[in-house]
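Close look at the chain arrangement
Given next are the chains, with one letter for each unit.
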Amino acid sequence: MQIDVFTLFPHWFDWFRGQRHVANALALGSSRECLDYRAHTPLSGGQVDDTPFGGGAGMVLRVDVVEAALRARYGDDPIAVRERRRVVALTPGGRVLDDAYVSELAREEHLTLLCGRYEGFDERIVEHFCSDQLSIGRYVLAGGELAAMVVCDAVLRKLPGALGHEESAHEESFSAALDGAPEYPHYTRPAEWRGWKVPEVLLSGHHARIRDWRAEQSRARGEQTGGQPEDAPGGRSGRASLP
Ligand SMILES: C[S@@+](CC[C@H](N)C(=O)[O-])C[C@H]1O[C@@H](n2cnc3c(N)ncnc32)[C@H](O)[C@@H]1O
């Protein structure tokens, strides 16, 4: 998979490259390039944004600047580019990222992520150059960079081999293997701590019982949360209820 991230802060992504599953995915042939809008701006002094028509606070990323950046990368009119690759504008009001959306993006061979800053994009960028608007949640970040990293993290770990041998994305929260429900609880040593015991079944060595127990826990969690993270214990109201 080839992912291009357009940003005003390409160096922010340097540490992200070193994350194990990202490094694995890159070693297995995927790529993740960061492109600087400023590198191809047709405006003087590296200008990329401007004040909003109609007034108001903040600066808006210019359509001519984004067009120049996309043309420089793909050698084509951005209107044509979005016909052949998924071009995603990161916006707070977009389609909210969930596991199904991540899987959808992970099936693409080519993905372009556009990070906004300040007041966001000139709407013509979204309307004419983008196939999607993606939100990582209903809150507002200062810029699209962290959102792009969330997308890359979630998408790349879906790719075969990215997690290595010891982990698997097959049976985890929201996967088909768990019927879309949250994952069951995990425990490790010590088997008892301050009187808090690990469920007996997990120590039984009885694989069929363990499998059934985990499936039941997962199903119960799914019912409890309705699949909506904000409804989870500790979600909307803050703290999980104490035992
Ligand atoms: C300060 S925000 C702009 C907010 C915009 N004025 C609004 O009210 O919707 C700047 C940029 O951060 C990114 N961003 C902020 N919150 C985001 C979110 N929840 N999901 C995805 N991108 C986000 C977008 O790229 C956005 O253009």
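On a predicted model such as this, the values are computed, not experimentally measured, just so you know.

1. Things to note about the site of the ligand
Around the ligand sit 19 residues, and of these Leu90, Gly116, Gly137, Tyr139 and Leu141 come closest. Between the ligand and Glu119, the relevant distance is 3.0 Å, taken from a nitrogen atom to a main-chain nitrogen or oxygen of the residue. Looking at the shell around the ligand, the elements that each hand over two or more residues are β5 (86–96) and β8 (132–135). Of all the elements, β5 adds the most residues to the shell around the ligand, at 3 residues.

2. A short note on the state of the cysteines
Tallied over the full model, the rule gives 0 disulfides. Free of any disulfide, Cys115 has its nearest neighbouring cysteine sulfur in Cys34, separated by 7.8 Å. Here Cys130 stays unpaired: no disulfide links it, and the sulfur of Cys115, its closest cysteine neighbor, is 11 Å away.

3. Remarks on the sheet that holds strand β3 (residues 49–50)
Taken together, 3 strands build an open sheet; the order of strands is β3-β4-β7 and the sheet is mixed. Edge positions in the sheet fall to β3 and β7 (120–121), since each has one partner strand and no second. Two elements, strand β4 (residues 60–61) and β7, share 2 bridges in a ladder whose sense is parallel. Residue Leu61 lies in a different strand from β7, and its bridge partner there is Phe121.

Conventions adopted
- Residues numbered from 1 in each chain as written.
- Predicted model: local features only at pLDDT ≥ 70, side-chain atom pairs only at ≥ 80, totals over all residues.
- Heavy atoms only, no water.
- Near = heavy atom within 4 Å.
- Polar contact = N/O pair within 3.5 Å; in protein donor to acceptor, adjacent residues only side chain to side chain.
- Helix = DSSP H or I, 4+ residues; strand = E, 2+ residues; numbered from the N terminus.
- Disulfide = S-S within 2.5 Å.
- Pairing = 2+ DSSP bridges.

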